[in-house]
Amino acid sequence: MSDVVEKTLSALPSLLSLDTQAGAGKLSPSSKLGNLIKGITELTSKHEEEKLIKKELESIKEQVASPNTTMRQMKEIMVRAIYCEMLGYQASFSYIHAIKLAQQGSVLEKRVGYLAVSLFLNETDEFLLLLVNTVLKDLQSTNLIEVCMALTVVSQMFPKDMIPAILPVVEEKLTHPKEIIRRKAVLALYKFYLIAPNQVQHIHSKFRKALCDKDPGVMTASLHIYLQLIKENPESYKDLTGSMVTILRQVVGGKLPLDFNYHSVPAPWLQIQLLRILAYLGKEDQGTSEMMYDVLEESLRRAEMNHNITYAILFECVKTIYTVHPKSQLLEKAAECIGNFVLSPKINLKYLGLKALTYVVQQDANLALPHQMTIIECLDHSDVIIKRETLELLFRITNAQNVTVIVEKMLEFLRLTCDDYSTIDLVGKVAELAEKYAPDNVWFIQTMNSVFSLGGDVMQPDIPNNFLRLLAEGVDNVEDRQLRLFAVDSYVSLLQGETAKLPQRFLQVISWVLGEYSYLREEESDPGSVMRLLARLLDQRHTSTETRSWVLGAMTKLCSSPVSVALARDVCERYSGSLNTVLRQKAQELMILSQDTKLRARVLPAESRLESLEVDSSLSFLDGYVSEALAAGAAPYKSPHQRQEDLVQEKALSLEPYGLSLPVSLSSCSITDRLSPTLLSMSSGLSGNSTELSHQEGSTTLKLEGVKRVWGKDGYLAQQQSACETPTPLVELPSPLLSPQTPPSQTQKPSSGLEPDQEKRQLASSLFVGLGSHNSVCLMGRVETAPRHFRRKPRGESSSGASEGSSDSSHSSRSAAVDNLLLSNLLDSTTVASEGGAASTTTPQQTSQRTLDHTTSNGNPLVEGTEQRVEAGGPLSLIRGNGMVAVVPPTHTQTDPQTQQDLHPAPALERRRDLSLTSHLPAELSGLARSEFTPLCSDQDSSLALSACRVYKEDALVLLVFISNNNDSALHQMALQLTCKELEISCISGSPLKEVKGHSVSVCLHTVVMKRASVQVELAGLLSYQRPLGQPQAAQFSLSLSLKHFLRPLTVSTGDYGKMWLSFSHDLKQNLRLVTTEHQEPLTATLDALKGKLHLHVVDIIGSEGIVACRLLQGPGQGQPCLLHCRVHADSLAVWLRSPVPELPDSLLYHCQKALTET
Amino acid sequence: MVTGCKVAKTRVAHYPDALDLTITMIKFLLMVNKQGQTRLSKYYEQVDIEKRPSLETDVVKRCLSRKKEECSFVEYKDFRLVYRQYAALFIVVGISDTENELSIYELVHNFVEVLDKYFSRVSELDIMFNLDKVHIIIDEIIQNGHIVETNKNRILAPLLALDKMAEAH
């Protein structure tokens, strides 16, 4: 083929001069199009091109305006306009003529008209409306070719709102006798489904008919729709598995007409499509997967031919096999297949092999082991793409033991690459690995130094942010101190060297750290040294203004010694006249603070570095300003998340440099741009205060951990098992017999013919250490000793799902206080209980007050808030307003008994007893929302009666058991036992009750939380007691508690909601019925009903969509969030639930259903 | 993990669990000669017309700089390029991360075989002089970034019918 082209091209000059050659077709070189093409082929510079096209556009403009231009000429003009646009010159004046051509031209001209329209216009163009009538006319034409081209253009672009106008005609074509018309009709409906799924909902049955069409082309077309439908909702299409399997079997078996073959392979792209569909159907579904094992095996077997296209099918087949429920036999064959790819001398296959390995090692890292040597060779491959893919693979198998080698390889690559996109991506990965698996402080700091130097100013702003937080985070123990000190030392020596090459971001990090932690090295150096280094930075030309302001901020913290003060004065003099207002302000601050020691001590107190500050994250002081602006017609604020969604909806290819193309998330700017260094230092505990940052981090953490380990080598892993997985895979099968130091490769892998040299072997053993079961002992040991410091702290528990569970929960108990603090702020839910029992003493008034303060919260921890506090100067409270809404406002129970009764109708008699029991409610619980009193059990003679009541505290469910002794004699030897394996119950009564006097009531208080979300649990209770003159007796009772008792509203802003949404991995979709009332929108009414019954928080309602959030109580200050996204869809409510915990959406959905059916 | 939504967006593609969120698709198809001149371009994702030339230049640069023994797939921003060379002409397809590179590589060949069949020995000039027809062929093969037809006879059927009608006139 290619030599054919070569030959023809060598004849180019003659072709151009003579018009009769094949290539030139019927065009004469004297024609305008011929001239244009000739002109284009002769172009030698951009400048010439511009001249040529400008001239051409003028000529086209003139021609289209002339009334004498025929349609035939118009066709040629359109092709010329297509050329102009292709070269990047807009010919918008010709658009209307393209539409006219489609309207009025004869067949071929019409086709070119349609073609020009599809090339010129985009899908949202209003011009398209002008096309609707033409399309409709052509659809009804008796000329099949016209019908055909109308359907083609419709399946490329059509105005969404006009679909109903042509839908019936298109539907009718589904039964057309010609296969090509049926096929194109199906594709047109597919397009409608993509742009307006609601419009074609009623024709789903017709899709099925298309799937069963006798023509394979029509069937193939319908698969596009099914791939989409199944992707979105696999559950509803499980019944199609059989059909898909049959189709694939027939295709593989060569039952299609021969012209569907490509190089003797039957319909390869159809096979690939079917394999993708099967992957979606069989994923996490054993029954469905079993139906397809045979055909998958057959696909593997049939695709033996040595042709690229069979490898493409194999690749897809392997992916499917590793996606569906595992079958060991198939897995082995697939693994073998990957081996063939990886070992292939053909470079394209090697690439594909690496890609397949990257895909499968996420599920079983062992699979990389047999290919160690190949992987090592690929690492040094001359093809940079192969290298890059190999690094991607290594990134997936990194563990605590091989991290240093892998990171080194990545940094090596980074030093050589000059591609911004790769740099951004890899730098992020290195930083992530460093944080997760760093073996020690020194390595961590050095690696991060490389990250900052190499990532320069293109890297994600979150990297420095997270790094600084990591340094600032944590208790002030020896380990943290060492880390900080090491960072300081390392930066000092960096600054002593050549600083011109250091990126600005790095310099900013350095300044902040020096400002914050230089005091750690004070003993050993003279006090002014750091100051001098910083001052030197200021002097350098290449230092940016932003960096200068960070430096000035650092100096402000450091100017304690006389030497420093003198230095500071010099600097101030220079910058107080700066044209840049920020620098001028910094200089002023430095000036004042360096001279006024007392003020400085108050504003920058050294001892409170680790304490959190109160930040008015909602910026409520700006509310007035905002509402004024809104009233004056300003656009309402859109969160970065929303803005990004908008961008995504535009579906544009991003042409900007990668790092700049999307809006920088607010949190990322907050340190680098908005936070002045001074303020940053004030909020050293910023991780504790900034919900925004934590969420940000969470969303990304989760992405990483979204990879569930679905199966192991021996089969499917149950969900719980995977929940216990440590971040490093392969901890099962510990085999203590082998020494941890044994390099894994040597005994295991016979090298493939080649004798690998010592160096490679060593590299292999260091790269693949930690993989393979024989290393597990050592591995587990390492996990323990690896410094906790580098682990993600708060997010592990709060939002990561299965993968990090166990290792982090043990760690959380150790640093529980800190974590709880972070967490509670993070979820914006509870007051910090660890600080002097603040939560329990919070009066209801305070709570509602805070609620008021925070209802307008948009959750952006901007620093201006900090500034205010700084000015206020007083000691800052750790307890931060938190936007928690009391489940039922306290006034509710006190002043509005009527409502209470309505909510819990109780017989009059009962109510009297309730009243008497109410007086026994402990004072601190009396203001809180509670349930009615439930009688549990009583004696035959009612001498002893037990009742229970639930009090809904913000951070716990308190279960009260009332023991009423209605007899004269006292009860002795009392013991109350509550047991339930799904609940965690702890007694909080001051002293364990021993006896109850005659005619009195005693109360036992227990806090109860659910260990795992479940719909309903039974609690068993046993009360043993003794009357003065009797035998020991016991009363048994049981009490059921439902999930909804453990739900609390989760108050988040829409922006935070968006971020959390993206980060949660477990989701569930379901349609619920809508509640209809007279005076409310159905959506509002439904959400209100849910809010009332299940204590959910309605975050926002926008049009026909509403977002709702809640959390499940889980120990003090913790909670598992669950987010609901509701959308009114016809006359039902499509609810989409997401949570980091797998069980929560299920159980919550059950209660939602129940709540709505009861309404 | 220290990246914002930007990188996360592309990274999603690497995770099997996130497969559902990404659309597997062809983003554009280019025919470019060795001098880097665009001979045909078709976009399936909207790109401003002013930005196309610079994108094309960039894409071609990536492909031209690759050696013969290097693989035919290139990472480019958050998507991938699959390219195949026929004499002086390169065909470059931009695809999403989840697409099967090799199947696209062969799709390109299938496309060239169709052109070859229609033009009987296709050349760069055939493509230039028949830009509209090549577009009509592509419209049969790819729609909305998905492969909709690969059977050569069926791909050519509408175009051949058009030619017949034109002749009859």
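Values in this document were obtained by computation on a predicted structure and should not be read as measured data.

Draft legend 1. Layout of the overall build of chain B. Along its length, chain B carries six helices and seven strands. Ordered by position from N to C terminus, the α and β elements of chain B give α-β-β-α-β-β-β-α-α-α-β-β-α. In chain B, which comprises 169 residues, the proportion classed as buried is 77%. Counting contacts in chain B only where the partners sit at least 6 residues apart, residues at least 24 apart contribute 51% of the total. Accessible surface for chain B amounts to roughly 5000 Å². Of this, 50% is attributable to carbon and sulfur atoms.

Draft legend 2. Examining the pairing of strand β16 (residues 1105–1113) of chain A more closely. Residue and element names in this part refer to chain A. The buried fraction of β16 is high, at eight of nine residues. Relative to β16, strand β13 (residues 1047–1049) runs antiparallel, the two sharing three bridges. Residue pairing in the sheet places P1049 in a bridge with C1110 of β16. As paired elements, strand β15 (residues 1097–1102) and β16 share five bridges and run antiparallel to each other. Bridging from a neighbouring strand, I1102 pairs with E1105 of β16. Hairpin connection between β15 and β16: a loop of two residues separates the two successive antiparallel strands, and G1103 in this loop has a positive phi of roughly 60 degrees. Inspection of the sheet shows β16 paired to strand β17 (residues 1119–1129) by nine bridges, in the antiparallel sense. The partner of E1105 across the bridge, within β17, is R1127.

Draft legend 3. Spatial organisation of the confidence of the model for chain A. All names here are of chain A. With 72% of its residues at a pLDDT of 70 or more, chain A shows a mean pLDDT of 74. Within chain A, helix α42 (residues 776–785) has the poorest average pLDDT of any element, 33, and helix α15 (residues 268–282) the best, 95. In this model, residues 654–754 is a region of pLDDT below 50 whose contacts with residues beyond four sequence positions or in other chains number 266 contacts. Below a pLDDT of 50 lies the segment residues 773–911, which in the model reaches 274 contacts outside its immediate sequence neighbourhood of four places, other chains included.

Draft legend 4. Examining the packing of aromatic side chains more closely. Residue and element names in this part refer to chain A. Across all of its chains, the model carries 21 aromatic pairs over all chains by this definition. Judged by centre distance (5.9 Å) and plane angle (35 degrees), the rings of F444 and F467 are tilted. In this pair, F444 sits in helix α24 (residues 441–455) while F467 sits in helix α25 (residues 462–472), placing the two residues 23 residues apart along the sequence. Exposure remark for F444: the relative accessible area of 0% places this residue in the buried category. One aromatic cluster in this structure is built from F444, F452, F467, Y491 and F506. Between the NZ or CZ atom of K319 and the centre of the ring of Y359, over which it lies, the distance is 5.6 Å.

Draft legend 5. Just the pattern of salt bridges, in detail. Tallied over the entire structure, the rule returns 46 salt bridges over all chains. Of the charged contacts in the structure, one is a salt bridge between K238(A) and D285(A), with a shortest N-O distance of 2.9 Å. With a gap of 47 residues between them, K238(A) in the loop between α13 (216–232) and α14 (241–252) and D285(A) in the loop between α15 and α16 (286–302) connect regions that are remote in the sequence. Side by side, K238(A) and D285(A) carry an identical accessibility label, which is buried. Three or more residues are tied together by salt bridges with common partners; here these are K355(A), R388(A), E389(A), E392(A), R396(A), D425(A), K429(A), E75(B), R80(B), D97(B) and E101(B).

Draft legend 6. Spotlight on the sheet that holds strand β8 (residues 972–979) of chain A. All names here are of chain A. The three strands are arranged β8-β11-β12 in an open sheet whose pairing can be described as antiparallel. Every interior strand has two partners, whereas the edge strands, β8 and β12 (1032–1042), have only one. Within the sheet, the average angular offset between the axes of one strand and its neighbour, ignoring direction, is 15 degrees. Here strand β11 (residues 1016–1026) runs beside β12; their pairing, made up of 11 bridges, is antiparallel. Opposite L1019, over in β12, you have L1039 as the bridge partner.

Draft legend 7. Broad picture of the packing of α16(A) against helix α18 (residues 328–343) of chain A. All names here are of chain A. Across the interface, α16 lies against α18 with an axial gap of 11 Å and an inter-helix angle of 25 degrees. The angle between α16 and α18 falls in the class roughly parallel. Where α16 crosses over α18, the handedness of that crossing is left-handed. Seen from α16, the contacting residues are Y293, L296, E297 and L300; seen from α18, they are L330, K333, A334 and C337. In terms of residue class, the contact of α16 with α18 is made up of six nonpolar, no polar and two charged.

Cut-offs applied
Residues numbered from 1 in each chain as written. Chains lettered and ligands numbered in written order. Predicted model: local features only at pLDDT ≥ 70, side-chain atom pairs only at ≥ 80, totals over all residues. Heavy atoms only, no water. Helix = DSSP H or I, 4+ residues; strand = E, 2+ residues; numbered from the N terminus. Buried < 20%, exposed > 50% of the residue type's maximum accessible area, 1.4 Å probe, protein only. Contact = heavy atoms within 4.5 Å. Areas by Shrake-Rupley, 256 points an atom, 1.4 Å probe, with all protein chains shown as cover. Pairing = 2+ DSSP bridges. pLDDT = per-residue confidence, 0-100. Phe/Tyr/Trp six-rings, centres within 6.5 Å; stacked < 30°, edge-to-face > 60°. Lys NZ or Arg CZ within 6 Å of the ring centre and 35° of its normal. Salt bridge = Lys/Arg side-chain N within 4 Å of Asp/Glu carboxyl O. Axes fitted to C-alpha atoms, helices over the stretch in contact; angles between N-to-C directions. Parallel < 35°, antiparallel > 145°, perpendicular 65-115°, else oblique. Left-handed = near helix turned anticlockwise from the far one by under 90°. Nonpolar A, V, L, I, M, F, W, Y, C, P; charged D, E, K, R; others polar.

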